[in-house]
Amino acid sequence: MAISFTVNGEPVSLDVDPEMPLLWALRDHLRLTGTKFGCGIAQCGACTVKLDGTTRRACVTPVGSLEGARVETIEALDSPEAQAVQAAWVEINVPQCGYCQSGQVVTATALLEANPKPTDEEIDLAMAGNLCRCATYARIRQAIRQASDSLEA
C-alpha cells in the first residue's frame, strides 16, 4: 500500500515497507542525498529534516507514519532564516569535513524560524542534538548569531 506525503513541496507516493526509515526513502527512492546517515539511532543529528515544521531525525522516522505529512529537506530550505544561516555558514567557514552540516543547517534554520533572537544558551540547547566530528561548535554558534543579526537589518 502506497504512503502519500509531501517532500519539499512536491507530492510523493511510495510503495515501500512502512517501517522503512524516512532517511532511506529520501536517499534511495527520491534521490535526495543531502540528508546524511550518521548513527542510525537518532543521536547525531546528521539526518535532521523538518517534518510538519519541526525538526525530526529521518533515520528513526518510519515512512508509514508520514501519511499526509510535509517533509522538508536541506535541498529545499529557502526561507529568509535559511538563507541567512547558509550565508553565515559560508562567511564564517563553519564546515570542515561537512558531513554533519545539512543537519546542522536544518536545525539552525528551525531555531531561527521559532526564535529569531536566541541567546547563546538557547542556541546551545537547540543544537545539542547535532554532533560535529570536527568540533566546530564555536563557529556554529557564531554563525547562528550572525544569521540572527542579519535578519534584523
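As a reminder, the structure under discussion sits directly above these lines.
Okay, so let's go over this structure. As the structure is a prediction and not an experimental result, all values here were calculated from the model.

Two elements in contact, helix α3 (residues 101-114) and helix α4 (residues 120-127), have axes whose closest approach is 10 Å; the angle formed by their N-to-C orientations is 135 degrees. The pairing of α3 with α4 is recorded here as oblique in orientation. Helix-helix and strand crossings are classified by hand; for α3 and α4 the assignment is right-handed. Contact residues: Q104, T107, A108 and L111 in α3; E122, I123, A126 and M127 in α4. Residue classes in the contact of α3 with α4 are distributed as 5 nonpolar, 2 polar and 1 charged.

This part covers the state of the cysteines. Summed over all chains, the structure comprises 0 disulfides. C97 carries a free sulfur, and the closest cysteine sulfur to it, the one in C134, is 3.7 Å from it.

Where a strand is regular, its side chains alternate between the two sheet faces. In terms of strand pairing, strand β1 (residues 3-7) meets strand β2 (residues 10-14) through 5 bridges, oriented antiparallel. Note on β2: the bridge partner recorded for S4 is S13. Here β1 folds back onto β2 in antiparallel fashion, the turn holding 2 residues, of which N8 has a positive phi close to 55 degrees.

A word on unusual backbone geometry. A positive phi angle is found at N8, which is not glycine, with a value near 55 degrees. Relative to the helices and strands, N8 is located in the loop between β1 and β2. Positive phi, normally seen in glycine, also occurs at N93, with a value near 60 degrees. Residue placement: N93 occurs in the loop between α2 (80-92) and α3.

Attention now moves to α2. Spanning 13 residues, α2 covers 18 Å between terminal C-alpha atoms, matching the ideal 18 Å at 1.5 Å per step. Burial in α2 covers these residues: E81, A82, A84, V85, A88, W89 and I92. Seen along its axis, α2 keeps its buried residues to an arc of 160 degrees; they face one direction. Opposite its buried face, α2 presents the exposed residues P80, V90 and E91, each directed more than 90 degrees away.

The subject of this paragraph is the pairing of strand β4 (residues 54-57). One ladder, built from 4 bridges, connects strand β3 (residues 48-51) with β4; its direction is antiparallel. Its bridge partner lying in β4, V49 is registered against R56.

The contact between α3 and helix α5 (residues 137-152) brings their axes to 11 Å, and the two run at 40 degrees. Comparing their axes, α5 and α3 come out oblique. Between α3 and α5 lies a crossing of right-handed hand. Contact with α3, carried on its side by Q104, A108, L111 and L112, involves I140, I144, A147, S148 and L151 of α5 and no other residues of that element. Among the residues forming the contact of α3 with α5, the class breakdown is 7 nonpolar, 2 polar and no charged.

Rules and cut-offs
Residues numbered from 1 in each chain as written. Predicted model: local features only at pLDDT ≥ 70, side-chain atom pairs only at ≥ 80, totals over all residues. Heavy atoms only, no water. Axes fitted to C-alpha atoms, helices over the stretch in contact; angles between N-to-C directions. Helix = DSSP H or I, 4+ residues; strand = E, 2+ residues; numbered from the N terminus. Parallel < 35°, antiparallel > 145°, perpendicular 65-115°, else oblique. Left-handed = near helix turned anticlockwise from the far one by under 90°. Contact = heavy atoms within 4.5 Å. Nonpolar A, V, L, I, M, F, W, Y, C, P; charged D, E, K, R; others polar. Disulfide = S-S within 2.5 Å. Pairing = 2+ DSSP bridges. Expected span 1.5 Å × (residues − 1). Buried < 20%, exposed > 50% of the residue type's maximum accessible area, 1.4 Å probe, protein only. Arc of directions from axis to C-beta.

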